[in-house]
Amino acid sequence: MTLRLENVTKRFGDFTAVKDLNMTVEEGGMYGFLGANGAGKTTSFRMILGLLTPNQGTITWKGKPISYVTSPEIGYLPEERGLYPKMKVEDQLIFLGQLRGMKKSDAKAEVKKWLERFEVPQNLHKRVEELSKGNQQKIQVIAAVLHRPSLLILDEPFSGLDPVNVEMLKSAILDMKNEGVTIVFSSHRMDHVEELCEELSIMHKGEAIVQGSLRDVKRSFGKKNVQIKSDSDLSTLANISGISSYTKTVEGGIFQIADESMADQLLNEALKIGPIRYFAIEEPSLQEIFIEKVGKEYA
Ligand SMILES: Nc1ncnc2c1ncn2[C@@H]1O[C@H](COP(=O)(O)OP(=O)(O)OP(=O)(O)O)[C@@H](O)[C@H]1O
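Residues numbered from 1 in each chain as written. Predicted model: local features only at pLDDT ≥ 70, side-chain atom pairs only at ≥ 80, totals over all residues.

Regarding the overall build of the protein
Spelled out, the test is: Helix numbering and strand numbering both begin at the N terminus, where a helix is a DSSP run of H or I of at least 4 residues and a strand a DSSP run of E of at least 2. Labels follow a simple rule on C-beta atoms placed from the backbone: if 20 or more others lie within 10 Å of a residue's own, it is buried; if 12 or fewer, it is exposed; otherwise it is partly exposed. By the convention adopted here, residues are in contact when the distance between their C-beta atoms, placed from the backbone, does not exceed 7 Å.
Summing up its helical and strand segments, the protein has 9 helices and 13 strands in all. Looking at the protein as a whole, 36% of its 299 residues are labelled buried. In the protein, the share of contacts with a sequence separation of at least 24, taken over all contacts with a separation of at least 6, comes to 67%.

A short note on the packing of helix 2 (residues 89–99) against helix 3 (residues 104–117)
So the rule is basically this: The axes used here are C-alpha line fits, helices contributing only the stretch in contact, and every angle between their N-to-C directions lies in the interval 0 to 180 degrees. For classification purposes, an angle smaller than 35 degrees is called roughly parallel, one larger than 145 roughly antiparallel, one from 65 to 115 roughly perpendicular, and anything else oblique. Two helices crossing with the near one rotated counterclockwise from the far one by less than a right angle form a left-handed crossing, whereas a clockwise rotation gives a right-handed crossing.
Between helix 2 and helix 3, the least distance of the axes is 9 Å, while the angle of their chain directions is 130 degrees. On the basis of the axis angle, helix 2 is oblique to helix 3. Of the two possible hands of crossing, helix 2 and helix 3 adopt the one that is right-handed. Facing Glu90, Leu93, Ile94, Gly97 and Gln98 of helix 2, the residues of helix 3 in contact are Lys104, Ala107, Lys108, Glu110 and Val111.

Thoughts on the site of the ligand
Our working definition: As used in this record, a residue near a molecule or strand is one whose C-beta atom, placed from the backbone, is within 6 Å of it. Each residue is assigned to one of three groups, with Ala, Val, Leu, Ile, Met, Phe, Trp, Tyr, Cys and Pro labelled nonpolar, Asp, Glu, Lys and Arg labelled charged, and all others, Gly among them, labelled polar.
Residues in contact with the ligand, as listed here, are Phe12, Phe15, Ala17, Gly35, Asn37, Gly38, Ala39, Gly40, Lys41, Thr42, Thr43 and Glu79. If you list the elements that add at least two residues to the shell around the ligand, you get strand 2 (15–26) and helix 1 (41–48). In terms of residues, the shell around the ligand owes the most to one element, helix 1, which gives 3 residues. Per-class residue counts for the shell around the ligand are 4 nonpolar, 6 polar and 2 charged.

Some thoughts on the sheet that holds strand 5 (residues 74–77)
For clarity, the cut-off: When DSSP locates at least two bridges between a pair of strands, those strands are taken to pair.
If you trace the 6 strands from one edge of the open sheet to the other, you get 5-6-7-3-8-9, paired in mixed fashion. Pairing within the sheet leaves two strands with one partner each, and these edge strands are strand 5 and strand 9 (207–213). When the angles between neighbouring strand axes are averaged without regard to direction, this sheet yields 15 degrees. Across the face of the sheet, helix 1 comes into contact with strand 3 (30–35), strand 6 (151–155), strand 7 (182–187) and strand 8 (199–204) while running at roughly 155 degrees to strand 6. Contacts from helix 7 (residues 214–221) reach strand 8 and strand 9 within the one sheet, and its direction differs from that of strand 9 by about 110 degrees.

Concerning the pairing of strand 1 (residues 2–12)
Bridge analysis of strand 1 against strand 2 gives 8 bridges, and the strand direction is antiparallel. Bridge pairing in strand 2 places Arg4 opposite Thr24. Strand direction decides the pairing type here: strand 1 and strand 4 (residues 56–61), joined by 5 bridges, are antiparallel. Along strand 4, the bridge assignment pairs Arg4 with Thr60.

Some details on the packing of helix 2 against helix 4 (residues 133–145)
Taken N-terminus to C-terminus, the directions of helix 2 and helix 4 make an angle of 25 degrees; their axes are 9 Å apart at the nearest point. Our classification of the angle between helix 2 and helix 4 gives roughly parallel. Considering only the axes of helix 2 and helix 4, their crossing is right-handed. For the pair formed by helix 2 and helix 4, the contact residues are Val89, Leu93 and Leu96 on the first element and Ile139, Ile142 and Ala143 on the second. Here the contact of helix 2 with helix 4 is composed, by residue class, of 6 nonpolar, no polar and no charged.

Some points on the environment of Ile228
Summarising the element assignment, Ile228 is placed in strand 10 (residues 224–230). Residues Ile228 and Leu267, spaced 39 residues apart in sequence, show a C-alpha to C-alpha distance of 8.6 Å. Filtering out sequence-adjacent residues up to four positions away, Ile228 remains in contact with Leu234, Gly252, Gly253, Ala270, Ile276, Tyr278 and Phe279.

Side note on the domain arrangement of the protein
Here is the rule: How far each domain reaches was decided by an automatic or database domain assignment.
When the domains of the protein are assigned, the result is domain 1 (2–218) and domain 2 (223–283). In this structure, domain 1 and domain 2 have C-alpha centres spaced 41 Å apart.

Some thoughts on the sheet that holds strand 13 (residues 276–282)
Pairing is antiparallel in the open sheet, where 4 strands are placed in the order 11-12-10-13. At either margin of the open sheet sits one strand with a lone partner, and together these are strand 11 (243–249) and strand 13. Each adjacent strand pair in this sheet contributes to an overall mean axis angle of 15 degrees, direction not counted. As judged from the 6 bridges shared by strand 10 and strand 13, these two strands associate in the antiparallel manner. Within strand 13, the position partnered with Gln227 by the bridge is Ala280.

A look at helix 9 (residues 286–294)
Here is the rule we go by: Of all possible arcs, the one meant is that of the directions from the helix axis to the C-beta atoms.
Restricting attention to buried positions, one finds in helix 9 the residues Leu286, Ile289, Phe290 and Val294. All buried residues of helix 9 project into a common sector of 100 degrees when viewed along the axis, lining one side. At its buried positions, helix 9 is contacted by strand 3, helix 6 (190–196), strand 8, strand 9 and helix 7.

Here is the structure:
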């Protein structure tokens, strides 16, 4: 009972936009797709939704091919937002809910509930063009989730939202996941994927160059960070062999070490310089992994 992609390839003419992609999303799972512009995220989503046909490979949901057009089980937030600017928010959302198989009365009740949840109930009778960009984005998210899909595909759901609204949407996404919805979303922002996803792919030029559970991805990266808080100048520690980077922080420094066994040495050397207030071995961030695997210019 999963979403499964097997050896999926999509070419546009001579150009390969997605190459030999394999992934499995367990039912009720949350899967993150990371990648720079043009990495192949939207193309992958369109294939999952049946809006594009792969040149090779198979895509199944619960063992069968799927199609957004015929299956109301699917919810989709497209990257190119497509609301009718002149139509009133309530009319538009009810209309879109009905297109996804809802009864008018149910759609009306859900619209009210979601506008309250997103703290924009005053927008019910406004035309979409009268709303701010962030509020239009919320309406577009509501259009994707209104009919309670069991598979939800969100292409860049956080784009255009300020930090308060990002948190509001994250909490709504987590609630849907906890209700059993299977969610796949893309983002340029590693911190969003890091916070929300159990499984992820980092796409680069059409290929999944890193894949797996967040924990395994971090563990298999090998390198760890050591954070030291101290009032002394720690910069000379950066010269110890095996330390691949040093970042000075307000309270001390963060050292990237090639393997955990180096931490003892680092601690001893740090204590020789002066007293330390804090010492911790930490997992690398997804941002660091992304930069090393894909390149700084894409982050
Ligand atoms: N219909 C098409 N015809 C030709 N090339 C296409 C088509 N759709 C996408 N591409 C190309 O495929 C590549 C992957 O595009 P895609 O939109 O999947 O990337 P993305 O990871 O979603 O990027 P972004 O974050 O910028 O949306 C890009 O180089 C794009 O130009």
